[in-house]
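Inside the fold
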Amino acid sequence: MSKKLHISRLKIAMKELFQSYKLLLYTMPLFILFFFAVLYFVPGGIFYNRLFNPAAFPNQELWIQALLSTRFDERIFILLLPIAYTMILTWRHFEVLNKSERINLTPITYLERTVAITLFCVAGLLLGTLCFILYDHISVWWFKHLYYEQVLHYLEQQGDLYPSIGKSTVFFTIPIWNIGMISIVVLSLMPLYFLSRVFFKKYSVFLFWVLMVGIWIMLFSALYSLRPQVVSANIFPIRLQQVIPVIISTILYIVYWCLAMATFYHKLKEKEI
Amino acid sequence: MIAINNLSFHYKKDMTIFDNISATLSPGHIYGLLGLNGVGKTTFLKLICGLLFPKTGTVKTNGFSPSTREVTFLSDVYFVTDEVDLPPWTISNFLDIYGSLYPKFDRSYFEDILIAFQVNRREKIKSLSYGQRKKVNIAFALATNTSLLLMDEPTNGLDIPSKTQFRKLMARHVSPDRTIIISTHQIRDIHQLIDHLLILQNYTLALDASIDELDKQIKFRQGTYPEALYTESRPNGDVNILANTNGEETPFDIELFFNAISNHPGFLKQLSNAKYLQP
């Protein structure tokens, strides 16, 4: 094992993080559950009205119609919560890395610290995502258990013998593909967040969002300018794969990630306290 | 061994802190680092342990360039800062997590020191007072057995019995392979420990001398002495610094000596044999 990355020291760096922020980490599943509850029972929503304003659905038929017509796929935005939560989790740690004499003189290399904080954040995001998937499946199972038979019966009565229920209703989970795409976007933001915390002493969150929005605008502008002209006559939507092959975009993504993390590591290493 | 060569440092270009300082600090001593507020005592310690990087010149500590912050170097250095920034865990957790990073860490020694300081190791650090947290940090610092121990105002916040304990512990801790540098304004707390003085003044290391060497050149007397190099009035009469022409041994009054240097910039030049002073 190299002098810069030693497993036992990496474990200590992880323990240091876990010991400091374990309470916050433990509460993340509850936090996500709370937001699921908020989303389903937001005042004015169908579940809120069903519970607290029964007059809104005088009969079962209206309720079933509401269930079939109300979109609930915006619950995917709950996946943004683990990002916010991970930022809160690690906020103090970056402050300590930037300012603490003790931490910067602890015999743990900056590579070990970089790997530890990355693993900790990935673990936090993974935990949040898994909680989301779990709650999503449980809620879908529960709604199906309660109403699916009634919905099918209602549709049959309407003469719809081959019912097609909207994928965005409460009867379908968020597709794993969509979750995967959001996770990739979230992971791409992580090094930027790290960099903003070591580069900017003040207003790092604000500057992080400015940096992020700037990068996304540049990226989309570049993609737009690369768009083949013939496509303008095409009625089909333009996909990223048409502009940049998947393999190239994957390589670009990995290179960007590694470069950003390397910049973070060097900035951390060269920081004077 | 700490070798400082032509060290210059500033935070802002127009605010020099150190200008071309050179010194060699050997193991086996307790160095007292003195200077007025804002003269750069903490900065000096930070440059030695690699928290700050020299603008010009070099610092070599135990053969390492501190700014690279190599693990081998860091595991043999401990810095007791004035502000205690220990994590809010229990003392046991703190010990379990960080103790193993120091190869010479002595757990039973740590526990003995805590007992001497009357701190319960089952306590949570966040529930301790500033003074108690300082004691935990000092106990940990001594238990690491590092060959370089830097202390910035270590007696700040310690109660009177703990200051006595601290002196005893430090006297036992010094050994031929260890370098200890203590920066303090509370010189009376530790003056019996210090065997070498480093005084920072006007961007330079104005004095780098052992108490033994100084003792040979000056002596301290109470009363009225017209030939005194420096006189200070105290409630119980005047105290004086005189040239030691007859090899007389008197207890070295670091506070008076430091006041003489601070109040009379030409004091050091007045000393007849100034071979160890910075040019």
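Residues numbered from 1 in each chain as written. Chains lettered and ligands numbered in written order. Predicted model: local features only at pLDDT ≥ 70, side-chain atom pairs only at ≥ 80, totals over all residues. Heavy atoms only, no water.

Some words on the overall build of chain A
For chain A, the count of helices and strands is 10 helices and zero strands. Reading chain A from its N end, one meets helices and strands in the order α-α-α-α-α-α-α-α-α-α. Long-range contacts, defined here as pairs at least 24 residues apart, represent 79% of the contacts in chain A between residues at least 6 apart. For chain A, the exposed surface amounts to about 15,700 Å²; the carbon and sulfur share of it is 71%. (Helix = DSSP H or I, 4+ residues; strand = E, 2+ residues; numbered from the N terminus. Contact = heavy atoms within 4.5 Å. Areas by Shrake-Rupley, 256 points an atom, 1.4 Å probe, with all protein chains shown as cover.)

Brief notes about the domain arrangement of chain B
Residue and element names in this part refer to chain B. Split into domains, chain B comes out as domain 1 (2-201) and domain 2 (210-270). Each of domain 1 and domain 2 has a C-alpha centre, and these two points are 29 Å apart. Taken together, the contact between domain 1 and domain 2 spans 12 residues of the former and 10 residues of the latter. Each partner contributes to the roughly 1,000 Å² buried at the junction of domain 1 and domain 2, and carbon and sulfur atoms together form 70% of this total. Three residues stand out in domain 1 for area buried against domain 2, namely L197, I199 and Q201, and they jointly supply 41% of the buried area on that side. Our count for the contact surface shared by domain 1 and domain 2 stands at one salt bridge. Two residues, R188 and E255, come together in a salt bridge whose shortest N-O distance is 2.5 Å. For the pair domain 1 and domain 2, the interface holds three residue pairs in polar contact (both at pLDDT 80 or more). Every element with two or more residues in the side of domain 1 that touches domain 2 is listed here: β3 (29-35), α7 (187-190) and β8 (196-201). Of the residues forming the side of domain 1 that touches domain 2, the biggest block, four residues, is contributed by β8. The residue makeup of the side of domain 1 that touches domain 2, split by class, is six nonpolar, four polar and two charged. (Domains from an automatic or database assignment. Buried area = accessible area lost by both parts, 1.4 Å probe. Salt bridge = Lys/Arg side-chain N within 4 Å of Asp/Glu carboxyl O. Polar contact = N/O pair within 3.5 Å; in protein donor to acceptor, adjacent residues only side chain to side chain. Nonpolar A, V, L, I, M, F, W, Y, C, P; charged D, E, K, R; others polar.)

Here we look at the packing of aromatic side chains
Two aromatic rings, taken as a pair, are described by how far apart their centres are and by the angle between their planes. Residue and element names in this part refer to chain A. This model, assessed by the stated rule, comprises 42 aromatic pairs over all chains. Cluster of aromatic residues (ring-pair linked, three or more members): F36, Y40, F41, F47, F57, W63, F72, F132, Y135, F143 and Y147. Geometry around F172 places K144 over its ring, the cationic atom sitting 5.7 Å from the centre. It is R197 that lies over the ring of W91; its NZ or CZ is 3.5 Å from the centre. (Phe/Tyr/Trp six-rings, centres within 6.5 Å; stacked < 30°, edge-to-face > 60°. Lys NZ or Arg CZ within 6 Å of the ring centre and 35° of its normal.)

Brief notes about the pairing of strand β1 (residues 2-12) of chain B
A regular strand carries its side chains on alternate faces of the sheet. All names here are of chain B. Pairing analysis gives five bridges linking β1 to strand β4 (residues 56-61), with the strands arranged antiparallel. Note that in β4 the partner of I2 across the bridge is T61. Sheet topology places β1 next to strand β2 (residues 15-25); seven bridges connect them, and they run antiparallel. Within the sheet, the bridge partner assigned to K12 lies in β2 and is M15. Linking two consecutive strands that pair antiparallel, namely β1 and β2, is a turn of two residues. (Pairing = 2+ DSSP bridges.)

Examining the interface of chain B and chain A
Taken together, the 25 residues of chain B in the interface contact 24 residues of chain A. Counting across the chain B and chain A interface gives two salt bridges. Two residues, K46 of chain B and E101 of chain A, come together in a salt bridge whose shortest N-O distance is 3.3 Å. On inspection of chain B and its partner chain A, the count reaches nine residue pairs in polar contact (both at pLDDT 80 or more). Going through the elements one at a time, α1 (41-49), α2 (71-74), β5 (77-80) and α3 (91-98) of chain B are the ones with two or more residues in the side of chain B that touches chain A. With four residues, α3 of chain B is the single largest residue contributor to the side of chain B that touches chain A. Class assignment of the residues belonging to the side of chain B that touches chain A gives a composition of 17 nonpolar, four polar and four charged.

Quick notes on the sheet that holds strand β9 (residues 204-210) of chain B
All names here are of chain B. A sheet is described by the order of its strands in space; here six strands give the open sequence β5-β6-β7-β3-β8-β9, paired in mixed fashion. The outermost strands of the open sheet, each flanked by one partner alone, are β5 and β9. Within this sheet the neighbouring strands show an average axis-to-axis angle of 15 degrees, counted without direction. Bridge count between β3 and strand β7 (residues 179-183): five bridges; the pairing is parallel. By the bridge assignment, Y31 is partnered in β7 with I181. (Axes fitted to C-alpha atoms, helices over the stretch in contact; angles between N-to-C directions.)

Digging into the side chain of S210 of chain B
Within the secondary structure layout, S210 of chain B lies in strand β9. Non-local contacts of S210 of chain B, meaning those with residues more than four positions away in its chain, are made with D195 and H196 of chain B.

As for unusual backbone geometry
Residue and element names in this part refer to chain B. The residue N62 is not glycine, and still its phi comes out positive at about 50 degrees. For N62, the location among the structural elements is in the loop between β4 and α2. A positive phi is found at N145, a non-glycine position, where the angle reads about 55 degrees. Note on placement: N145 falls in the loop between α5 (130-143) and β6 (148-152).

With respect to the packing of helix α1 (residues 7-40) of chain A against helix α6 (residues 110-157) of chain A
Residue and element names in this part refer to chain A. Running from N to C, α1 and α6 cross one another at 25 degrees; their axes reach a closest spacing of 9 Å. On the basis of their axis angle, the class for α1 and α6 is roughly parallel. Pair α1 / α6 crosses with right-handed handedness. Partitioned by chemical class, the residues of the contact of α1 with α6 number 24 nonpolar, three polar and five charged. (Parallel < 35°, antiparallel > 145°, perpendicular 65-115°, else oblique. Left-handed = near helix turned anticlockwise from the far one by under 90°.)

Regarding the UniProt feature "domain: ABC transporter" (unreviewed entry) in chain B
Those residues carrying the UniProt feature "domain: ABC transporter" (unreviewed entry) are residues 2-227 of chain B in this numbering. Taken end to end, residues 2-227 of chain B comprises 31% helix and 30% strand; its first and last C-alpha atoms sit 38 Å apart. (UniProt positions renumbered as here; feature names shortened; annotations may be inferred.)

Remarks on a nonpolar patch on the surface
Together, I247, I248, I251, L252, V255 and L259 of chain A make up a nonpolar patch on the protein surface, roughly 570 Å² of accessible area in all. Within the fold, V255 of chain A resides in helix α10 (residues 246-269). (Patch = residues over 30% accessible without salt bridge, like charges linked within 9 Å, V, L, I, M, F, W, Y side chains within 5 Å.)

Brief notes about the pairing of strand β11 (residues 230-234) of chain B
All names here are of chain B. Pairing of β11 with strand β12 (residues 237-243) involves five bridges; the strand directions are antiparallel. Bridge assignment links E232 to a residue of β12, and that residue is V239. Between β11 and β12, which follow one another and run antiparallel, lie two residues.

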